[in-house]
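As a plain string of letters, each chain reads:
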Amino acid sequence: GNSVTQMEGPVTLSEEAFLTINCTYTATGYPSLFWYVQYPGEGLQLLLKATKADDKGSNKGFEATYRKETTSFHLEKGSVQVSDSAVYFCALTPNTGFQKLVFGTGTRLLVSP
Amino acid sequence: SQTIHQWPATLVQPVGSPLSLECTVEGTSNPNLYWYRQAAGRGLQLLFYSVGIGQISSEVPQNLSASRPQDRQFILSSKKLLLSDSGFYLCAWNPTGGSDAGELFFGEGSRLTVL
């Protein structure tokens with residue numbers, strides 16, 4: 001079946017540090033890949049996406065590259081801010097049949113000043 | 001523009017009591033609608049989705065049910081709550097047949113505590 005595996009959190013960083021949150025997936029065919037972010041007390045919102053191999057999604061300084069050979073979609077940011085503190089979810093849609101999002105368990109990021 | 005609202009935002013209920021969470025979408029027609037649950041320390045679990053009025057698909061067997069009495073209204077219910085029903089419930093939508101498959105728009109969430 002389709003599944004997403006994320007690194008366990010929390011990830012604790014100081015402001016301006018480099019961020020990597022690992023995400024790997026299992027899927028048949030060629031899924032689309034997503035990162036969603038959930039700020040405290042809020043619903044989720046789409047951060048970035050990539051729909052085919054080698055695509056790079058980017059938004060708000062965050063980037064992730066769709067790596068088919070390693071079935072990965074790691075999230076990176078060169079310099080985090082306190083306002084980036086949130087829970088980050090990696091997700092996929094299988095691109096076959098009804099488009100249901102399959103989420104990872106989420107990784108909490110805590111950025112201190 | 002499209003908006004999604006769900007309520008109540010916070011709910012504390014005793015075990016065995018009924019539940020009704022409501023979600024409405026504005027500014028679009030015939031959306032796909034979803035209910036997710038986020039339990040403490042766990043990820044997002046898809047509970048139900050609907051592609052049209054009266055059409056409900058259940059992903060996980062449980063004591064919850066969903067209904068879609070109107071095009072843009074999605075209701076999550078239970079006749080008797082269990083302690084394990086506690087969690088953060090999220091409603092979401094996306095356009096039917098949209099090119100951005102997988103891009104969901106989420107409501108603000110409803111936090112349910114069962115005591």
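This report concerns the structure included in the present document.

Rules used throughout
Residues numbered from 1 in each chain as written. Chains lettered and ligands numbered in written order. Predicted model: local features only at pLDDT ≥ 70, side-chain atom pairs only at ≥ 80, totals over all residues. Heavy atoms only, no water. Contact = heavy atoms within 4.5 Å. Salt bridge = Lys/Arg side-chain N within 4 Å of Asp/Glu carboxyl O. Polar contact = N/O pair within 3.5 Å; in protein donor to acceptor, adjacent residues only side chain to side chain. Helix = DSSP H or I, 4+ residues; strand = E, 2+ residues; numbered from the N terminus. Disulfide = S-S within 2.5 Å. Buried < 20%, exposed > 50% of the residue type's maximum accessible area, 1.4 Å probe, protein only. Pairing = 2+ DSSP bridges. Axes fitted to C-alpha atoms, helices over the stretch in contact; angles between N-to-C directions.

**Some points on the interface of chain B and chain A**
Then comes step 1: Across the boundary between the two partners, chain B contributes 21 residues, which contact 18 residues of chain A.
Then comes step 2: Scanning the region where chain B abuts chain A turns up 2 salt bridges.
Then comes step 3: Across the salt bridge formed by lysine 100 of chain A and glutamate 59 of chain B, the nearest N and O atoms sit 3.2 Å from each other.
Then comes step 4: Applying the counting rule to chain B against chain A returns 4 residue pairs in polar contact (both at pLDDT 80 or more).
Then comes step 5: Elements with a minimum of two residues in the side of chain B that touches chain A: strand E4 (32–38), strand E5 (44–52) and strand E9 (87–94) of chain B.

**A look at the state of the cysteines**
Then comes step 1: Enumeration according to the criterion identifies 2 disulfides over all chains in this entry.
Then comes step 2: The disulfide partner of cysteine 23 of chain A is cysteine 90 of chain A, and the gap between their sulfur atoms is 2.0 Å. Here the disulfide of cysteine 23 of chain A and cysteine 90 of chain A is left-handed, its torsion about the S-S bond being about -70°. With a gap of 67 residues between them, cysteine 23 of chain A in strand E4 (residues 23–26) and cysteine 90 of chain A in strand E10 (residues 86–93) connect regions that are remote in the sequence. Across this residue pair, the class does not change: cysteine 23 of chain A and cysteine 90 of chain A are buried.
Then comes step 3: Paired through a disulfide, cysteine 23 of chain B and cysteine 91 of chain B show a sulfur-sulfur distance of 2.0 Å. Measuring the twist about the S-S bond at about -75°, one finds the cysteine 23 of chain B-cysteine 91 of chain B disulfide to be left-handed. Within this pair, whereas cysteine 23 of chain B is found in strand E3 (residues 19–26), its partner cysteine 91 of chain B is found in strand E9, the two being separated by 68 residues in sequence.
Then comes step 4: For cysteine 23 of chain B, a relative accessible area of 1% translates into the label buried.

**Overview of the sheet that holds strand E8 (residues 62–65) of chain A**
All names here are of chain A.
Then comes step 1: Read from one edge of the open sheet, 4 strands run E3-E9-E8-E7, paired in antiparallel fashion. The open sheet terminates on both sides in strands that have one partner only, identified here as strand E3 (19–21) and strand E7 (56–59). In this sheet, adjacent strand axes meet at a mean angle of 15° when their direction is disregarded.
Then comes step 2: Both E8 and strand E9 (residues 75–77) contribute to a ladder of 3 bridges, which runs antiparallel. Opposite alanine 64, over in E9, you have leucine 75 as the bridge partner.

**Considering the environment of glutamine 45 of chain A**
All names here are of chain A.
Then comes step 1: Relative to the helices and strands, glutamine 45 resides in strand E6 (residues 44–50).
Then comes step 2: For the pair glutamine 45 and phenylalanine 98, spaced 53 residues apart in sequence, the C-alpha separation works out to 21 Å.
Then comes step 3: If we ignore the near neighbours within four places in the chain, the residues touching glutamine 45 are Tyr36, Val37, Tyr39 and Lys60.

**Notes on the pattern of salt bridges**
Residue and element names in this part refer to chain A.
Then comes step 1: Counting across every chain of the model gives 7 salt bridges over all chains.
Then comes step 2: The closest approach of N and O atoms between aspartate 84 and lysine 77, which form a salt bridge, is 2.8 Å. By the burial criterion, aspartate 84 is buried, and lysine 77 matches it.

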